[in-house]
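# Chains, contacts and geometry: an overview
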Amino acid sequence: MPRRTHRALSPWLLLLPGLAVVVAFSLYPFLSTVGTAFTDARTLTPGRWVGLENFRALAADEQFWVALRNSGLYVLLVVPFTVLLPLLLALLVQKRLPGVVFFRSAFYTPVVASVVVAALIWVWMLDDRGLVNGILGVLGAGPVHFLGDAWALLLSAMALTVWKGLGYYMVIYLAALGNVPRELHEAAAVDGAGALRRFVSVTVPAVRSTMVLVGALSSVAAFKVFSEVYLMAGPTGGPAGQDTTLVMLVQRTGTGLNGRVGYASALSLVVFAITLLLMLLVLRADREEEV
């Protein structure tokens, strides 16, 4: 083999194992889902071409709009907390104080814990005879049906998502805060700026790109939430299915011996399109702010 040809092929040969994995486990399933979305395929039958029929059925499916509402609310209510609270935690644990290593580990522990274990703990605490209602009973307040009311259950799942993600995003902010020049804070302090003013005028602009990253990551994760709601609300999606999210609807529709695979594939494409739109909106907002 000529040396020039060898040099041209060598990078591709090195990339071949990774490309094979991407094609086999990402690109091919995605293209297969796109093709299946335009058929009436079921679990045991390949189906036939039906064009846009699945998407028309989605528009008329009341459960789809309920799931879309829940996933949208998840993004609107979870993302602000997962952007701001980890930053505040990072500012606290960044200080060199006695015992700060313990608190760093404590805040990060939920991240490494299994989501199943975390959800079961929360279910135990929020049960009608659980820890939280036990404390409320001691205080003279009536029991709150966290797991029996559709809205309370959805908010409880959101709280679990925020709690479990705090440590992960805190570590990202710690890396960003380590690159903020100390001189900026010292100069602001000399000018008479208090802690809140330094936070708004120095810290936030310095880590703005990291906040955008955290916002993008948490937006996608919140919109595609599955485990937290599934484990707390059950396979039915809470009372009358009112807590079903889009990914839960995909799982429920496309599984089983008679699963509507074509319909679930169309729903998956809708989830993909909305997720991509969320990413583009976050990136565009960041770009416009830079200008």
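Here, the structure is the one placed above.
To start, this report covers the structure provided alongside it. Note that the structure is a prediction, hence the values are computed from the model and not measured. (Residues numbered from 1 in each chain as written. Predicted model: local features only at pLDDT ≥ 70, side-chain atom pairs only at ≥ 80, totals over all residues. Heavy atoms only, no water.)

## Here we look at helix H10 (residues 208–223)
The cut-off we apply is this: Strands are runs of DSSP state E lasting at least two residues, helices are runs of H or I lasting at least four, and both sets are numbered from the N terminus onward. To estimate how far a helix should extend, the number of its residues minus one is multiplied by 1.5 Å. Throughout this description, buried means an accessible area under 20% of the type-specific maximum (1.4 Å probe, protein chains only), exposed means over 50%, and partly exposed covers the range between.
Taking 1.5 Å per residue, 16 residues should reach 22 Å; H10 reaches 22 Å between its end C-alpha atoms and fits that length. All of the buried residues in H10 are Thr210, Met211, Val212, Val214, Gly215, Ala216, Ser218, Ser219, Val220, Ala222 and Phe223.

## Comments concerning the pattern of salt bridges
Where we set the bar: In the sections that follow, a salt bridge refers to a side-chain nitrogen of Lys or Arg positioned within 4 Å of a carboxyl oxygen of Asp or Glu.
Summed over the entire model, instances satisfying the criterion amount to two salt bridges. Measuring nitrogen to oxygen at the nearest pair gives 3.5 Å for the salt bridge that ties Asp40 to Arg48. The class for Asp40 is partly exposed, based on a relative accessible area of 32%. Judged by its relative accessible area of 56%, Arg48 falls in the exposed class. For Glu53, the salt bridge identified is with Arg56, shortest N-O distance 3.5 Å. Pair noted here: Glu53 and Arg56 are both in helix H2 (residues 53–59), with a separation of three residues, about one helical turn. Taking the relative accessible area as the measure of exposure, Glu53 reaches 42% and is therefore partly exposed. By relative accessible area, Arg56 is classed as exposed at 52%.

## Comments concerning the packing of aromatic side chains
For clarity, the cut-off: Aromatic pairs are defined between Phe, Tyr and Trp rings, using the six-membered ring for Trp, whenever the two ring centres lie within 6.5 Å; interplanar angles under 30 degrees are classed as stacked, those over 60 as edge-to-face, and all others as tilted. By definition here, charges over rings are those cases where NZ of Lys or CZ of Arg is within 6 Å of the ring centre and within 35 degrees of the ring normal.
Under the criterion given, the structure shown has nine aromatic pairs. Between Phe38 and Phe55, the aromatic rings sit 5.5 Å apart at their centres with planes inclined by 45°, giving tilted as the arrangement. Here Phe38, found in the loop between helix H1 (3–36) and H2, pairs with Phe55, found in helix H2; they are 17 residues apart in sequence, far enough to count as distant. With a centroid separation of 6.5 Å and 35° between ring planes, the pair formed by Phe103 and Phe107 is classed as tilted. You can see Phe103 and its partner Phe107 sitting in helix H4 (residues 100–112), four residues apart, about one turn around the helix. Through a chain of ring-to-ring contacts, the aromatic side chains of Phe38, Trp49 and Phe55 assemble into a single cluster. Geometry around Tyr263 places Arg260 over its ring, the cationic atom sitting 4.1 Å from the centre.

## Looking at the environment of Ala222
Under the convention used in this document: Note on contacts: a residue pair is in contact if any heavy atoms of the two residues lie within 4.5 Å.
Tracing the backbone through its elements, the reader meets Ala222 in helix H10. For the pair formed by Ala222 and Thr245, sequence separation is 23 residues and the distance between their alpha carbons is 10 Å. Non-local contacts of Ala222, meaning those with residues more than four positions away in its chain, are made with Tyr74, Val75, Val78 and Val79.

## A closer look at the environment of Asp40
So the rule is basically this: Within 3.5 Å is the distance limit for a polar contact, defined as a pair of N or O atoms, with the added protein rule that one can donate a hydrogen and the other accept it, and that residues adjacent in sequence qualify only through two side-chain atoms.
Along the chain, Asp40 turns up in the loop between H1 and H2. Distance from Asp40 to Leu177, taken between C-alpha atoms, is 52 Å for residues 137 residues apart in sequence. Look past the residues within four positions of Asp40 in its chain and what remains in contact with it is Gly47, Arg48 and Val50. There is a polar contact of 2.6 Å between the side chain of Asp40 and the backbone nitrogen of Arg48.

## A look at unusual backbone geometry
Phi is positive for Ala240, close to 60°, though the residue is something other than glycine. Locating Ala240 in the fold gives a position in the loop between helix H11 (227–233) and helix H12 (246–254). Looking at Ala240, the relative accessible area reads 70%, which means it is exposed.

## A closer look at the layout of surface pockets
One water molecule sets the probe size; rolling that probe over the atoms shows where empty space is left. Condition: Grid points spaced at 1 Å and placed over the protein atoms alone form the basis of the search, with a cavity being a set where a 1.4 Å probe fits but cannot get out and a pocket an open set showing protein on both sides within 12 Å along at least five of seven lines. Lining residues have an atom within 4 Å of a point. Grid points are joined across faces, edges and corners, and a volume is the space filled by probe spheres set on the points. Lys, Arg, Asp and Glu make up the charged group, whereas Ala, Val, Leu, Ile, Met, Phe, Trp, Tyr, Cys and Pro make up the nonpolar group; the residues left over, Gly among them, are polar.
Approximately 610 Å³ is the volume found for the largest pocket. Every residue lining the largest pocket is counted, 16 residues in all, and those nearest its centre are Leu91, Gln94, Lys95, Arg182 and His185. Among the secondary structure elements, those contributing two or more residues to the lining of the largest pocket are helix H3 (62–94), helix H8 (182–190) and helix H9 (195–206). The element that contributes the greatest number of residues to the lining of the largest pocket is H9, accounting for four residues. When its residues are assigned to classes, the lining of the largest pocket shows six nonpolar, four polar and six charged.

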